Amino acid sequence: MKDGRILERSSKVLTVEEQVAGRVWSFRDVTERRLAETTSHRLSAIVASSDDAIVGKDLNSLITSWNSGAERIFGFTAEEMIGKSIMRLIPEDRREEEREILFRIRRGERIDHFETIRLAKNGRRLNVSVTISPIKDSNGRVVGASKVARDITGRKKSEQALKEAMQQAESANRERLQLLERGA
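What counts as what
- Residues numbered from 1 in each chain as written.
- Predicted model: local features only at pLDDT ≥ 70, side-chain atom pairs only at ≥ 80, totals over all residues.
- Heavy atoms only, no water.
- Buried < 20%, exposed > 50% of the residue type's maximum accessible area, 1.4 Å probe, protein only.
- Helix = DSSP H or I, 4+ residues; strand = E, 2+ residues; numbered from the N terminus.
- Pairing = 2+ DSSP bridges.
- Phe/Tyr/Trp six-rings, centres within 6.5 Å; stacked < 30°, edge-to-face > 60°.
- Salt bridge = Lys/Arg side-chain N within 4 Å of Asp/Glu carboxyl O.
- Polar contact = N/O pair within 3.5 Å; in protein donor to acceptor, adjacent residues only side chain to side chain.
- Axes fitted to C-alpha atoms, helices over the stretch in contact; angles between N-to-C directions.
- Contact = heavy atoms within 4.5 Å.
- Core = buried A, V, L, I, M, F, W, Y, C linked by side-chain atoms within 4.5 Å.

Engineer: Report on the pairing of strand β3 (residues 53-58), specifying residues and quantitative values.
Structural biologist: Of all 6 residues in β3, 5 are buried, a share of seventy percent or more. Across 6 bridges, β3 lies against strand β7 (residues 142-151) in antiparallel orientation. If you follow Ala-53 over to β7, its bridge partner there is Ala-149. Across 3 bridges, β3 lies against strand β4 (residues 63-66) in antiparallel orientation. Residue pairing in the sheet places Gly-56 in a bridge with Ser-65 of β4.

Engineer: Pulling in residues and values, what's your account of the packing of aromatic side chains?
Structural biologist: A complete count under the given rule lists 1 aromatic pair for this structure. Where Trp-66 meets Phe-74, the ring centres are 5.8 Å apart and the plane angle is 40°; that geometry is what we call tilted. Given a relative accessible area of 7%, Trp-66 falls into the buried group.

Engineer: For the pattern of salt bridges, give the residues involved together with the corresponding values.
Structural biologist: A full pass over the atoms with the stated rule returns 17 salt bridges. Residue Glu-98 pairs with Lys-57 through a salt bridge whose shortest N-O separation is 2.2 Å. Of this pair, Glu-98 sits in helix α4 (residues 95-106) while Lys-57 sits in strand β3; the two residues are 41 residues apart in sequence, bridging distant segments of the chain. Given the relative accessible area of 2%, Lys-57 is considered buried. When the shortest N-O distance is used, the salt bridge between Glu-97 and Arg-94 registers 3.0 Å. The class of Glu-97 is buried, set by a relative accessible area of 16%. Where salt bridges share partners, they join Glu-115, Arg-155, Lys-156 and Glu-159 into one cluster.

Engineer: So, the environment of Thr-131: which residues are in play, and what are the values?
Structural biologist: With respect to the element layout, Thr-131 can be found in strand β6 (residues 125-136). C-alpha separation for the pair Thr-131 and Lys-147, spaced 16 residues apart in sequence, amounts to 5.7 Å. Among the polar contacts made by the side chain of Thr-131, one reaches the main-chain amide nitrogen of His-113 at a distance of 3.2 Å.

Engineer: So, the sheet that holds β6: which residues are in play, and what are the values?
Structural biologist: Reading across the sheet, the 5 strands line up as β4-β3-β7-β6-β5 and stay open at both edges, with antiparallel pairing between neighbours. Each of the sheet's edge strands pairs with one partner strand only, and the pair in question is β4 and β5 (111-119). Strand-to-strand twist across the sheet, computed as the mean angle between neighbouring axes with direction ignored, equals 30°. Two elements, β6 and β7, share 9 bridges in a ladder whose sense is antiparallel. Across the sheet, residue Ile-135 finds its bridge partner in β7, namely Gly-144. The strands that α4 touches are β3, β5, β6 and β7; relative to β5, the one it contacts most, it runs at about 150°. Along the sheet face, helix α5 (residues 153-183) touches β5, β6 and β7 and points at about 130° away from the line of β6.

Engineer: Describe the side chain of Ser-133, with residues and values.
Structural biologist: Looking at the secondary structure, you find Ser-133 in strand β6. Reaching out from Ser-133, the side chain makes a polar contact with the side chain of Arg-110 at a distance of 2.9 Å. Apart from the residues within four sequence positions on either side, Ser-133 is in contact with Ile-105, Arg-110, Gly-144, Ala-145 and Ser-146.

Engineer: Hey, could you go over the nonpolar core for me, with residue numbers and the actual values?
Structural biologist: In terms of nonpolar packing, the biggest core is built from 25 residues, with Trp-66, Phe-74, Leu-89 and Ile-132 touching the most fellow members. The leading source of residues in this core is β6, at 4 residues.

Structural data, given as structure tokens:
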């Protein structure tokens, strides 16, 4: 249509004693459905191509979606994780975090850039920054959560190395100052 709407049409042949009696034409506006499909495809492509782990879970902590970024960061395939508990990634000493996260998600809260530790398939502890958002159904009821996790292990190691270097420099400066004070 000239107004931008997308119409779908179909025709049915009506027969009386096996003779064509006429045609029935019907038109249905499918603009919104096509727009939703296009949006869904675009969002799926964004999630699939992200370097960050993007994980969906239900309110029982069962994983419902797992992108290739999650595979790369954690080492588990989607087949190994979908339907399993997110607790598989959480060290024993951090299990209370998940309970607190679920409590806040159920209230509709978003959690931004929460830094924590998670486990890779090989048992390695990873420093991650996690943003968690509620997933709502069409009635606005919270039904799950979307987690975006970024591996910040390299950054944390760099920060620790810088901190240690600064402490060494401060210690060396104190020693020099003490030597100068004794010599003065």
